[in-house]
Amino acid sequence: MIITTERLQYIVSVAQLGSFSGAAKELGVSVAAVNKAIQHLEFDLELTLFERHGGKKPQLTQEGKRLYVKALEILPKLIAMERQAQMMSEGIESQLSICLHPYTCYPEYTRLIGELAARYPDLEINIVEAETLDWQNLQCDIIIAPNRLANLRGVNIQTISRIKWLLVSAPQHPLAQLRSAPELEDFDHHHQLMPPAGNIILPHYLEVMRYSSKLVTVERFYQLRELLLAGCGFAMYPQALAQPLIEEGKLKDLNFDYGKQGNHWPIDLIWQEGLGQAGNWFIEQLVDEE
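So, a few notes on the structure that sits alongside this text.

Conventions used here
- Residues numbered from 1 in each chain as written.
- Predicted model: local features only at pLDDT ≥ 70, side-chain atom pairs only at ≥ 80, totals over all residues.
- Heavy atoms only, no water.
- Phe/Tyr/Trp six-rings, centres within 6.5 Å; stacked < 30°, edge-to-face > 60°.
- Helix = DSSP H or I, 4+ residues; strand = E, 2+ residues; numbered from the N terminus.
- Buried < 20%, exposed > 50% of the residue type's maximum accessible area, 1.4 Å probe, protein only.
- Pairing = 2+ DSSP bridges.
- Axes fitted to C-alpha atoms, helices over the stretch in contact; angles between N-to-C directions.
- Parallel < 35°, antiparallel > 145°, perpendicular 65-115°, else oblique.
- Contact = heavy atoms within 4.5 Å.
- Nonpolar A, V, L, I, M, F, W, Y, C, P; charged D, E, K, R; others polar.
- Arc of directions from axis to C-beta.
- Core = buried A, V, L, I, M, F, W, Y, C linked by side-chain atoms within 4.5 Å.

Counted according to the given criterion, the structure contains 14 aromatic pairs. Relative to Phe234, the ring of Phe187 lies with its centre 4.9 Å away and its plane at 40°, an arrangement referred to as tilted. Of this pair, Phe187 sits in helix H6 (residues 184-187) while Phe234 sits in the loop between helix H8 (221-229) and strand E9 (235-238), and the two are 47 residues apart along the sequence. Judged by relative accessible area, which is 0%, Phe187 ranks as buried. With a relative accessible area of 0%, Phe234 lands in the buried category. By the ring-pair criterion, three or more aromatic residues cluster together here, those being Tyr103, Trp165, Tyr205, Phe221, Tyr237 and Trp265.

Here we take up the pairing of E9. Residue alternation in E9 divides its side chains into two sets, Ala235 and Tyr237 and Met236 and Pro238, and both sets are buried. Here 4 bridges tie strand E6 (residues 155-169) to E9, and the two strands are oriented antiparallel to one another. Residue Val168 lies in a different strand from E9, and its bridge partner there is Ala235.

Let us now look at the packing of helix H2 (residues 20-27) against helix H3 (residues 31-45). One can describe the packing of H2 onto H3 by two numbers: an axis separation of 8 Å at closest approach and a directional angle of 110°. Judged by the angle between their axes, H2 and H3 are roughly perpendicular. Contact with H2, carried on its side by Phe20, Ser21, Ala23 and Ala24, involves Val31, Val34, Asn35 and Ile38 of H3 and no other residues of that element. Partitioned by chemical class, the residues of the contact of H2 with H3 number 6 nonpolar, 2 polar and no charged.

Moving on to H2. For H2, every residue scored as buried is listed here: Phe20, Ala23 and Ala24. Looking down the long axis of H2, one finds its buried residues gathered within 100° of arc, a one-sided arrangement. Facing away from the buried side of H2 by more than 90 degrees, the exposed set consists of Lys25 and Glu26. Looking at the buried positions of H2, the neighbouring elements they touch are helix H1 (5-17) and H3. After H2 finishes, the residue Gly28 shows a positive phi value of roughly 75°.

This part covers the environment of Glu284. Assignment of secondary structure puts Glu284 in helix H10 (residues 277-289). When the C-alpha positions of Glu284 and Leu123 are compared, they lie 17 Å apart, and in sequence the two are 161 residues distant.

Although it is not a glycine, Glu46 sits at a positive phi angle of roughly 60°. The residue Glu46 is located in the loop between H3 and strand E1 (50-51) in this model. We note that Asn255 has phi near 55°; this positive angle belongs to a residue other than glycine. With respect to the helices and strands, the residue Asn255 is situated in the loop between strand E10 (252-253) and strand E11 (264-272).

The subject of this paragraph is the nonpolar core. Among the nonpolar cores identified, the biggest contains 65 residues, and Leu116, Ile142, Ile143, Ile144, Met209, Tyr237 and Phe282 are the most heavily contacted of them. With 7 residues, the top contributor of residues to this core is E6. Every residue in contact with Ile143, bar those within four places of it in the chain, is listed here: Cys99, Leu133, Trp135, Leu138, Asp268, Leu269 and Ile270.

Regarding H8, the residues found buried are Phe221, Leu224 and Leu228. The buried residues of H8 occupy one face: seen down the axis, they fall within an arc of 55°. If you follow the buried residues of H8, they end up packed against E6, strand E7 (192-194), E9 and helix H9 (239-247). The positive-phi residue at the C-terminal boundary of H8 is Gly231, with phi of around 80°.

Read these as layout, nothing more, since geometry by itself doesn't imply function.
Structure, rendered in structure tokens:
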């Protein structure tokens, strides 16, 4: 074949770096290999692509410039296609969608997503918001979210951790200024920041989370976090997410006594059948950690 990905890469590298030796170094081949590949291409096309003069940088001819511009357009697509074909041959999916709920966006899970991206650099990873997911027609490959207490068919489910809830506020909030841990009646004098009902945080869950009749409902988790840090109210917050903020002095654990049982919600790992190598590796890490 006259035009190949390799030959186009050589043309682009020589043109951009201004030397055959520079192109060879960038591509990890010998100078002779670059020279030979371009000479063969010129012979096959019956065209001169580079003007070569001793002691001067190789210059693209008019025909070379046209081919160079075209190479810039199609080369990324060709390389992507070759990578996709290689991934398929190795059983690696081209993309993976991971649904992560804001309340389970734990450092251990985000770190693992980073490791997944590093291990499979050509994998397209899509992070999906759990509250916007259609649970009647799951289109997500992997889900990490609070348990919904609902039967799901055709998927694998395993509890991998728990949310330990804390009642927290900013240090400047009146509840944080109490000399002892607040009682239930103390909360009713202050606004509680609450998420709206959604696909995961169902209405009956909200009733369990309610500790005040004065509510500030926020649509997005980042809004809840910022209002909480600003002292606009208190909130129930996962310990795994609150702890770093408590250690930095940005939040205060109100040390509310939930009783001997505490207040914990299961975190479920849900995944589809037929995942590729990357998805299975990710699942294995989560299951092993459990």
